[in-house]
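Understanding the architecture of this molecule
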Amino acid sequence: MRVVLEERQAVTLPVDVELMNEEQIAEGHTIGDPEVNPGEVEVHAGASVLDNITSLQAFVDVAGADETFTEVVEVIAYGPYGEQLDAHIDPEAVEITVPIRLPSKEVPLEYDTTGELEDGLEVLEMTLSDEAVTIYGRYDDINDIDSIHIGTLDLSSIEESETREVEIPLPDGVSYVRPEVIELDILLDEFEESTSLDLEIEMDNLPETYNASIPEEQDGDRAYRVTVHGDEEALSELSEEDIRLYIDFSEEELETGEQVVPIQVEGPNDLEYRLEVEEVPVEITETVAGE
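Residues numbered from 1 in each chain as written. Predicted model: local features only at pLDDT ≥ 70, side-chain atom pairs only at ≥ 80, totals over all residues. Heavy atoms only, no water.

1. As for the overall build of the protein
- Counting its regular elements, the protein contains 3 helices and 27 strands.
- A compact globule built from 291 residues would reach a C-alpha radius of gyration of about 19 Å, whereas the protein, at 36 Å, exceeds it by more than 25%.
- The proportion of buried residues among the 291 residues of the protein is 32%.
- Of the contacts made within the protein by residues no fewer than 6 positions apart, 73% connect residues no fewer than 24 positions apart.
- On the protein, roughly 18300 Å² of surface is accessible, and the fraction owed to carbon and sulfur atoms is 40%.
- Placing the 11 positive and 81 negative side-chain charges of the protein at their respective mean positions leaves the two points 9 Å apart. (Helix = DSSP H or I, 4+ residues; strand = E, 2+ residues; numbered from the N terminus. Rg over C-alpha atoms; globule rule 2.2 N^0.38 Å. Buried < 20%, exposed > 50% of the residue type's maximum accessible area, 1.4 Å probe, protein only. Contact = heavy atoms within 4.5 Å. Areas by Shrake-Rupley, 256 points an atom, 1.4 Å probe, with all protein chains shown as cover. Lys, Arg positive; Asp, Glu negative; His and termini not counted. Charge placed at Lys NZ, Arg CZ, Asp CG, Glu CD.)

Here you go:
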C-alpha cells in the first residue's frame with residue numbers, strides 16, 4: 001500500500017450561484033442578480049485538489065417563485081470534468097437572496113374635489129407628497145394604465161389647514177404599488193369678505209424702441225379678473241380706480257417675439273389680491289422709425 005501525504009493548504013474563492021428551473025418562475029415575473037453572503041469562502045485541501053478546483057457552486061431552485069426570497073445553501077467544489085471534489089469549505093453554506101420582480105411603471109396621481117368650503121375660507125394650495133407612484137404587475141395588465149385616481153376630496157369637510165394620509169387604490173391587474181400611502185397637504189386661508197374686479201393691463205417702463213401687445217388669440221382685449229380680500233369696510237370703499245394691473249418691463253430682458261410675462265397688482269396695502277391669470281403672453285416688436 002502506497003500512501004501519499006500532502007500538506008493541507010487554504011485558498012479563498014468566490015461562490016457561483018446556479019439557478020435551477022428558471023423557466024418555472026411565476027408568470028410575468030423576472031429574476032434579478034442573486035446576492036451571496038459571504039461572496040467568498042475558504043477552501044482547505046491538499047495542493048493537488050486545490051489545483052483542480054474549477055468552481056464553487058451553490059444551487060437554488062426558483063420553481064414557482066413569485067417574490068424575492070433568501071435561502072441558506074451548501075457550497076460544493078467541482079473539478080474540470082464536473083466531478084465533486086473532497087475539500088473542506090468554510091463556511092459550508094452561504095446565504096443567497098434571489099430578487100424576483102414584476103414589471104413596473106410610473107404613473108401620475110389624480111383626484112377630484114366636491115362641495116364648498118365654509119364662508120370665509122379659501123384654498124391657497126393643495127399638494128401631494130408624491131405626484132406619481134410606481135405600479136407593479138404583469139406587463140399586459142399595467143401597460144394601459146396611465147394614471148391612478150385616488151378619490152374625491154369633499155371641501156365641505158375641511159375647516160382648517162391639514163395634512164391627510166391617502167392610501168393608493170390598486171387598479172385591476174396591479175399586484176402592488178410603491179409608495180402605498182401618500183400625503184395630501186391642504187393649505188387654507190381665511191378672509192372676511194371678497195370682491196372681484198375686471199381690469200385691463202397697463203404697460204409700464206416699456207422702452208421707446210419697443211412696442212408690446214397681447215396677441216388677439218389670447219383675448220388680449222378682454223379685462224383680467226382680480227379677486228380682492230379684506231374687511232367689509234375697506235371693500236365697501238374700494239373702486240376700480242384704486243387698483244391697477246400692469247406689466248413692468250423694467251424687470252424683463254426684451255427681445256422681439258412672443259414672451260410670457262407676469263402680471264402685477266397695485267392697490268391698497270391692507271387688502272389681499274388673487275389673480276385669475278398670473279401671467280400672459282406678450283408680442284414684442286421694435287418701433288418703426290417715424291411712428
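2. Concerning the sheet that holds strand S25 (residues 264-266)
- Taken in spatial order, the 3 strands of this open sheet run S20-S23-S25, and their pairing is mixed. The outermost strands of the open sheet, each flanked by one partner alone, are strand S20 (201-204) and S25. For this sheet, the mean angle separating the axes of adjacent strands, direction not counted, is 40°.
- Summarising the sheet, S20 and strand S23 (residues 244-248) pair through 4 bridges and their orientation is parallel. (Pairing = 2+ DSSP bridges. Axes fitted to C-alpha atoms, helices over the stretch in contact; angles between N-to-C directions.)

3. Here we look at unusual backbone geometry
- Following Asp-90, the chain continues into Pro-91 via a peptide bond in cis, with omega recorded as 0°.
- Considering the arrangement of structural elements, one finds Pro-91 in the loop between strand S9 (88-90) and strand S10 (93-98).
- Although it is not a glycine, Asn-205 adopts a positive phi angle of roughly 55°.
- Its location among the elements puts Asn-205 in the loop between S20 and strand S21 (210-213).
- In this structure Asn-205 comes out as exposed when scored by relative accessible area, which is 51%.

4. A closer look at the packing of aromatic side chains
- With the rule as written, the count across this model stands at 2 aromatic pairs.
- Note on Phe-59 and Tyr-78: the rings are 6.3 Å apart at their centroids and 80° apart in plane angle, and the pair reads as edge-to-face. Taken together, the residues span a long stretch of sequence, with Phe-59 in strand S6 (residues 55-61) and Tyr-78 in strand S8 (residues 76-78) at a distance of 19 residues.
- Residue classification places Tyr-78 among the buried residues on the basis of a relative accessible area of 16%.
- Note on Tyr-136 and Tyr-176: the rings are 4.6 Å apart at their centroids and 15° apart in plane angle, and the pair reads as stacked. Remark: Tyr-176 occurs in strand S17 (residues 174-178) and Tyr-136 occurs in strand S14 (residues 132-137); sequence separation between them is 40 residues.
- Directly above the ring of Tyr-246 sits Arg-244, whose terminal nitrogen or CZ lies 4.5 Å from the centroid. (Phe/Tyr/Trp six-rings, centres within 6.5 Å; stacked < 30°, edge-to-face > 60°. Lys NZ or Arg CZ within 6 Å of the ring centre and 35° of its normal.)

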